[in-house]
Structures are given as structure tokens and as C-alpha cells.
Amino acid sequence: MNSLGFDKAPGDTRVVVAMSGGVDSSVTAAILRQEGYDVVGITLQLYDHGMTVGKKGACCAGQDIYDAKRVADAIDIPHYVLDYESRFRQSVIEDFADSYLRGETPIPCVRCNQTVKFKDLLAQAQDLGADCLATGHYVRREGGVSGAHMLRGADSSRDQSYFLFATTQEQLDYLRFPLGDKPKAETRAIADRLGLPVADKPDSQDICFVPTGGYAAIVQKLRPGAIEPGEIVHVDGRVMGRHQGVINYTVGQRKGLGIGGRKTAEGEELDPLYVVRLEPEKHRVVVGPRTALARDVVLVKEVNWLGPDAVGVPLPVAVKLRSAQPASPATVLLHGDGTARVELEQPQYGVSPGQAAVFYQGDRLLGGGWISGTASRA
């Protein structure tokens, strides 16, 4: 049994590696090549790379395609660039814009994994006769060639399982994650030891197709005329001010509301207001005190389930409602139609439609879905 779980020699095992041009995927390709696997690198051109040429931290654009090619040449593997711009625009960028117009806070990286990388790219790897598709994600895979489980990355500060909740069982069986048991520092050290040309390259930070972080301008460009001004209203009904579009706000936001407020002599806010909800159909932003944000019921749609069958049975879990937040104790009730109801042991603040609710038991990822609404039991 080789290191990827196949009962044959590494040289007889073809692996397609998704190479973004960053350190993680480059090290993934390099260590597999070093172990003797038949490695093929594929990089996806996902959008007009002219937008981000020379910008550090952008994924799958011009500089990154060039970097992936340099790494492939350095480790002597074939490398292909596939033009997925139209698929990416339709499945990820258009969805991103529409999600903001619905008053949601989208996670385009999940949609990209769900609709492009682990669907179209995976199919391409199969067409090339690959035994598996390997990526540089920091998650662990446990099990054989079928019925595998996904676990959090060993380095909790780098764990990316939240962004992979939509991975289906069939996809998980085909995927491999060689970096899942490594800390980031070790990955950097390997890149340096192997002399990879991207060893010192910074990690990507922003949404790849929003080169300046100004997502509102992207939405405005994609949906001209769809963004309308409206009122900022307190939960008690008072009109507090005006806004230039609900896309500029997200649930839980405190700063940049543009409605002033009482302050101490030192400039500290008294009774700060937060965005409690967005009402895009009324072009309205509703604000209130932090207590108005408390929610202990989360409604979820498009659930992808990787755990044991639990439809109709309340299941104790830990749930993450934002990628950067720790998991919270909860009970999930799966309805069997792709929806679920999550009851939190303790209220959470700033739970936003469009984000994901991702379920765990210990380190095992059970699945997750998109937050469609919130409520309070009280």
C-alpha cells in the first residue's frame, strides 16, 4: 500500500495536482514527485488575469500561472493550464454578486471548490487517467479508496475544513490532501529545502477576483443599476440615516455605518449600534444594540452530509458559523430535503445568511450547509 492508499507502486499511480502557483500546492506536487508518483500539474485560469498581474496574493491569475509553470519545470512534471473563465464567472462571480444583492454575505471560495475545482477539475483528472486528485488544503483524509472521512487539519491555525464542507463523498474518495498533517512552517521549510521558486511567496489573503478588496465595485459592475440607496432604521422603528446600497453592509457590522452616535470625551462610542439584519427588498439596513444580534436557532439549506445517517434524529455537534470563529456546541436536526435546523446551546452574535454552518464531531467533518435564516427560541 503506497502513501496515497493505493495497492501499487508510486510509479504506477498517476496523481493530478491542482497547482495554484502558491507554496502549498507547489510543495504538494514536489513531495509526491519526490516519492516517485506519476505527477501531472494542472492550473486553472479562472478570470481575466490582466486585472491582477503583479498583485501579490492573487490566486489563479497571470503571475500565479507563471509561478506554477516554474515549479512544474523545476520538479520535472508535465503542466497544463486550463481556461475555466466562463465556468468560474457563471458559477462563482455571478453567484457572488447575486448573493450580496440578496442581503447575504457570500463565501466564493466554497462555491469555487464546490462547482469548479472539485467538480470540473476532478472530472478532468479522471479523464487523464489519474488515480486521484491532490490539493494543498490543510485537511486530513482518513480511510481507504471508498467511504473516506474528512478531518480537520492537524495545525488548527491552518485548518481549511470549513471551506470544504460541500465536498461530496464521491469527491472525497478521489481526493488526497498530503499537507493535512503538517504545520505551515514545515511546508515552508520543505519548499526552501527543495529550492522551489515560490518558497518565499506570500499566502493569498483576499478574494481572488477582487484585487483591491473593494467587492462593492465588483457587484456594481456586474449588476449596474441594481444597487439602490435606502434608509438605515433602528429596530425600534426610528430612521437613523441613509445608505448607498445594502451590499455595503453585513450582519454584525459595527464600524462604518455612517450614522454617528454618542461618544465619550475620549472618542469612545456609547451604546454602539450593529447591523442586525438586511432587508434588500425594502432597500433597508436595520441596526440595533448588540443584544439584538443574539440568535440561538440557525436555519440551513443545501446541506451536504458526510456523517452517518441522522435524518429526523437530533444530533449533538459542534458547529462553526464563520470561518474564523471557534465551533460552538449545538444540536442539528436534518430534515431529509437538504435543509436543517440548528439549535445552539448558547446564543451567537452576527450570524449572517450566505455564510456556512459546518458540523463536526471531534475532528471529523460531518458536513454543512448554507445559512438561510436565523431565529431565537425565546
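For the structure, see preceding data.
Position labels on residues start from 1 in each chain and follow its written sequence. Only residues with pLDDT of 70 or above have their local features reported here, since the model is predicted, and side-chain atom pairs are shown and tallied only from 80 upward, although totals for entire chains, interfaces and linings are computed over all residues. Side-chain metrics in this entry use all non-hydrogen atoms of the structure; hydrogen atoms and water are not considered.

Participant: I would appreciate a short explanation of the pattern of salt bridges in the present structure.
Facilitator: Once the charged atoms of two side chains with opposite charge are near each other, the side chains can pair. Salt bridges are identified by distance alone: a Lys or Arg side-chain nitrogen within 4 Å of an Asp or Glu carboxyl oxygen. In the structure shown here, the tally under the stated rule is 28 salt bridges. For Asp-76, the salt bridge identified is with Arg-33, shortest N-O distance 3.7 Å. Linking Asp-76 in the loop between helix H2 (62-75) and strand S3 (79-83) with Arg-33 in helix H1 (residues 23-34), this pair joins segments that are 43 residues apart in sequence. Take Arg-33: its relative accessible area is 32%, and that puts it in the partly exposed class. Note that Asp-203 is salt-bridged to Lys-184, the shortest N-O span being 2.9 Å. With a gap of 19 residues between them, Asp-203 in the loop between helix H6 (184-193) and helix H7 (215-222) and Lys-184 in helix H6 connect regions that are remote in the sequence. Buried means the residue's accessible area, taken with a 1.4 Å probe over protein chains only, is under 20% of the maximum for its type, while exposed means over 50%, and partly exposed covers the values in between. Since its relative accessible area comes to 24%, Asp-203 is described here as partly exposed. Helix and strand assignments come from DSSP, with helices taken as H or I runs of at least 4 residues and strands as E runs of at least 2, each series counted from the N terminus.

Participant: Whenever I open this one, the nonpolar core confuses me. Can you help?
Facilitator: Where a protein is soluble and globular, its nonpolar side chains tend to be buried together. Here the nonpolar core consists of buried residues drawn from Ala, Val, Leu, Ile, Met, Phe, Trp, Tyr and Cys, with membership extended through side-chain atoms lying within 4.5 Å. With 50 residues, the main nonpolar core has Phe-88, Leu-133 and Phe-209 as its most contacted residues. Among the secondary structure elements, those contributing two or more residues to this core are strand S1 (14-18), strand S2 (38-45), helix H3 (85-101), helix H4 (108-127), helix H5 (169-174), H7, strand S16 (356-361) and strand S17 (364-375). Tallying contributions element by element places H4 first for this core, with seven residues. Those residues in contact with Phe-88 that lie beyond four places of it in its chain are Leu-46, Tyr-47, Ile-93, Cys-112, Val-116, Cys-208 and Phe-209. Membership of the second largest hydrophobic core comes to 27 residues, among which are Ala-68, Ala-72, Ile-77 and Tyr-138. Residue contacts are defined here by distance: any two heavy atoms, one from each residue, within 4.5 Å place the two residues in contact.

Participant: What is the right way to read the environment of Leu-366 from this model?
Facilitator: Within the secondary structure, Leu-366 is located in strand S17. Residue Leu-366 is classed as buried on the basis of its relative accessible area of 1%. Separated by 59 residues in the primary sequence, Leu-366 and Gly-307 have C-alpha atoms spaced 4.5 Å apart. Sequence-distant contacts of Leu-366, that is, excluding residues within four places in its chain, are made with Asn-304, Trp-305, Leu-306, Gly-307, Pro-308, Leu-315, Val-317, Phe-359, Tyr-360 and Gln-361.

Participant: What am I meant to see in the sheet that holds S3 here?
Facilitator: The pairing of strands in a sheet comes from backbone hydrogen bonds and takes either a parallel or an antiparallel form. Being paired, for any two strands, means DSSP has found at least two bridges between them. If you trace the five strands from one edge of the open sheet to the other, you get S3-S2-S1-S4-S7, paired in parallel fashion. Of all strands in the sheet, those bounded by a partner on one side alone are S3 and strand S7 (175-176). Pairing geometry for S2 and S3, over five bridges, is parallel. Note that in S3 the partner of Ile-42 across the bridge is Tyr-80. Relative to the sheet, H2 contacts S2 and S3, its axis offset from that of S3 by approximately 160 degrees. Working convention: axes come from line fits to C-alpha atoms, limited for helices to the stretch in contact. Angles between N-to-C directions cover 0 to 180 degrees.

Participant: Can you help me understand H6 in this one?
Facilitator: Turn by turn, an α-helix covers 3.6 residues, leaving residues three or four places apart pointing in a common direction. Buried residues of H6: Lys-184, Thr-187, Ile-190 and Ala-191, and no others. Projected down its long axis, H6 carries its buried residues within an arc of 120 degrees, all on one side. Pointing more than 90 degrees away from the buried face of H6 are the exposed residues Ala-185, Asp-192 and Arg-193. At the C-terminal side of H6, Gly-195 shows a positive phi close to 70 degrees. Summarising the geometry, the arc corresponds to the directions from the helix axis toward the C-beta atoms.

Participant: Can you walk me through the state of the cysteines in this structure?
Facilitator: By definition, a disulfide links two cysteine residues through a covalent bond between their sulfur atoms. Only a pair of cysteine sulfur atoms within 2.5 Å qualifies as a disulfide here. Enumeration according to the criterion identifies zero disulfides in this entry. For Cys-112, which is in no disulfide, the shortest distance to another cysteine sulfur is to Cys-208 and amounts to 6.4 Å. Using a relative accessible area of 7% as the deciding quantity, one classes Cys-112 as buried.

Participant: Just to check I follow, could you spell out the packing of H3 against H4 for this structure?
Facilitator: Packed helices, taken two at a time, are described by the angle their axes make and the gap between the axes. Packing of H3 against H4 leaves a shortest axis separation of 9 Å and a crossing angle of 160 degrees. Accordingly, the angle class assigned to the pair H3 and H4 is roughly antiparallel. For the pair H3 and H4, the crossing hand works out as right-handed. For the pair H3 and H4, the contacting residues are Arg-87, Phe-88, Ser-91, Val-92, Asp-95 and Phe-96 in the first and Pro-108, Arg-111, Cys-112, Thr-115, Val-116 and Asp-120 in the second. The labels follow the angle: roughly parallel below 35 degrees, roughly antiparallel above 145, roughly perpendicular from 65 to 115, and oblique for the rest. In this scheme, a crossing is called left-handed if the near helix is turned counterclockwise away from the far one by less than a right angle; it is called right-handed if the turn is clockwise.

Participant: Is there a simple way to think about the side chain of Arg-141 in this case?
Facilitator: In this fold, Arg-141 is placed in strand S5 (residues 139-142). Buried within the structure, Arg-141 lacks any salt-bridge partner; Asp-173 is the closest side chain of opposite charge, at an N-O distance of 4.4 Å. Pairs of N or O atoms are called polar contacts if they sit within 3.5 Å, as long as, within protein, a hydrogen donor faces a hydrogen acceptor (for residues adjacent in sequence, only side-chain-to-side-chain pairs). A polar side-chain atom of Arg-141 sits 2.9 Å from the main-chain carbonyl oxygen of Leu-172. Non-local contacts of Arg-141, meaning those with residues more than four positions away in its chain, are made with Ala-148, His-149, Leu-172, Asp-173, Leu-175, Arg-176 and Phe-177. Only four residue types enter the charge count, namely Lys and Arg as positive and Asp and Glu as negative; His and the chain termini do not.

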